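Per-entry structural report
Below, each chain spelled out in residue letters.
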Amino acid sequence: MTDIKKVNLLGLSPTKLIEFFESIGEKKFRATQVMKWIHQKGAESFDEMTDVSKALRAKLETICEIRAPEVVSQNISKDGTRKWIIRTEGGKNDCVETVLIPDGDRATLCVSSQVGCSLDCSFCSTGKQGFNRNLTPAEIIGQVWIAIKSFGPMDPNGPRRVTNVVMMGMGEPLMNFEPVVDAMILMMHDNAYGLSKRRVTLSTSGVVPKIYELIKRTDVSLAISLHAPNNPLRDELVPINRKYPIAELIEACQHYLANLPDKRHITIEYTLMSGVNDNEEQAHELVELLKDLECKVNLIPFNPFPHSGYEKPSNNRTRRFQKILADAGYTVTVRTTRGDDIDAACGQLVGDFHDKTRRSQKYIELREVSQ
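These numbers come from a predicted model, not from an experiment.

**Overview of the sheet that holds strand β11 (residues 221–225)**
One open sheet accounts for 10 strands, arranged β3-β4-β5-β6-β9-β10-β11-β12-β13-β14; its pairing is mixed. One side of each edge strand has no neighbouring strand; the edge strands of this open sheet are β3 (70–76) and β14 (332–334). Neighbour-to-neighbour, the strand axes of this sheet turn through a mean angle of 20°, independent of strand direction. Note that strand β10 (residues 200–204) and β11 share 4 bridges and pair parallel. By the bridge assignment, leucine 202 is partnered in β11 with leucine 222. In the packing of helix α6 (residues 177–188) onto the sheet, contacts are made with β9 (164–167) and β10, and the angle to β10 comes to roughly 160°.

Written out as structure tokens, the structure is:
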């Protein structure tokens, strides 16, 4: 007799959880009860759900499960940053990384959406690892669940252990659209994690059609991995630009902002690489490019990884670039490198997985030739 595959309730969005309970002949309020137990109290078994009848608990035990991804390791940096290596359903060699960055009363969780990355940005170590598959909703929201539970028992009335979530980990979120949307809805739902839509941010390299689709489904905050002020350079650094050039991307961002229910801005992420995109002329070019977009700019000094071919800019060059943007009226921050002693800094997440694209092997071969 073949074992029946159990439904993992951890990854079901509020709507899908209601649909599931109705499909097994239960009232939809049961979905709210179970959702609170899983996402607010961290229940790992149905026996813990004391306000759910014994009969229903027994029924759920037979056909359902609450299963988060497996934590392979947790490392804590000297600056308090935490990094988890998490094994996905793909098995032993399919791992992703998740990072929690504390900052005073804030704690920002950087969540992965794919095993590897389906894109190949030239300066990102994750991209050089290639791509295996998309994460499931349970594997995405499971990263939030794991991070909160790492501090001890979950308490919905206690202090928030994760105040912000950014979809900036491994992978391009908009290339895994439905699971990412389901997970973000859970992050913001009052009966789950209750995060503000201003505190859940999706970062994209510029999958333009999906930006138009995203605003129809949710109103999370949006960040754009830009990294270049013109198309020729961005074509090299962010290859998806060849399909969706900057002008189309800016237009999509303007559409997204125009359809939000409140006034917000786009966060422009710009990784500074010495001698590549960090000179004063390029700063002025960026000023002009962004003039019609409500945005703030987050400058990210490049975090080196072996044989990348890029270098971190000097502090003086970074400050000059920042000043030009600030003098033009932009809000500009320079991201402080956090967790680099445990390889948890921006662009350093690599995981451990089977690369279906053979991109990682090609990268290794190129490195060997150049040595």
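**Some remarks on the pairing of β11**
Counting buried residues in β11 gives 5 out of 5 residues, a clear majority hidden from the surface. The β-α-β motif built from β10, the intervening helix α7 (residues 208–217) and the parallel element β11 has right-handed crossover chirality. Relative to strand β12 (residues 266–272), β11 runs parallel, the two being bridged by 3 bridges. When the bridges of β12 are listed, serine 225 appears paired with glutamate 269.

**A few points about the UniProt feature "binding site: S-adenosyl-L-methionine" (unreviewed entry) in the chain**
UniProt annotation of "binding site: S-adenosyl-L-methionine" (unreviewed entry) refers to Gly171, Glu172, Ser203, Ser225, Leu226, His227 and Asn303 when read in the numbering used here. When you line up the elements, glutamate 172 lands in the loop between β9 and α6. Leaving out residues up to four positions away in the same chain, glutamate 172 has contacts with Ser113, Gln114, Cys117, Ser118, Leu119, Ser203, Thr204, Ser205, Gly206 and Val207. Only 2.9 Å separates the side chain of glutamate 172 from the side chain of threonine 204, close enough to count as a polar contact. Counting through the fold element by element, serine 225 comes out in strand β11.

Quick notes on the rules
- Residues numbered from 1 in each chain as written.
- Predicted model: local features only at pLDDT ≥ 70, side-chain atom pairs only at ≥ 80, totals over all residues.
- Heavy atoms only, no water.
- Pairing = 2+ DSSP bridges.
- Helix = DSSP H or I, 4+ residues; strand = E, 2+ residues; numbered from the N terminus.
- Axes fitted to C-alpha atoms, helices over the stretch in contact; angles between N-to-C directions.
- Contact = heavy atoms within 4.5 Å.
- Buried < 20%, exposed > 50% of the residue type's maximum accessible area, 1.4 Å probe, protein only.
- Right-handed = clockwise from strand over helix to strand, strands pointing away.
- UniProt positions renumbered as here; feature names shortened; annotations may be inferred.
- Polar contact = N/O pair within 3.5 Å; in protein donor to acceptor, adjacent residues only side chain to side chain.

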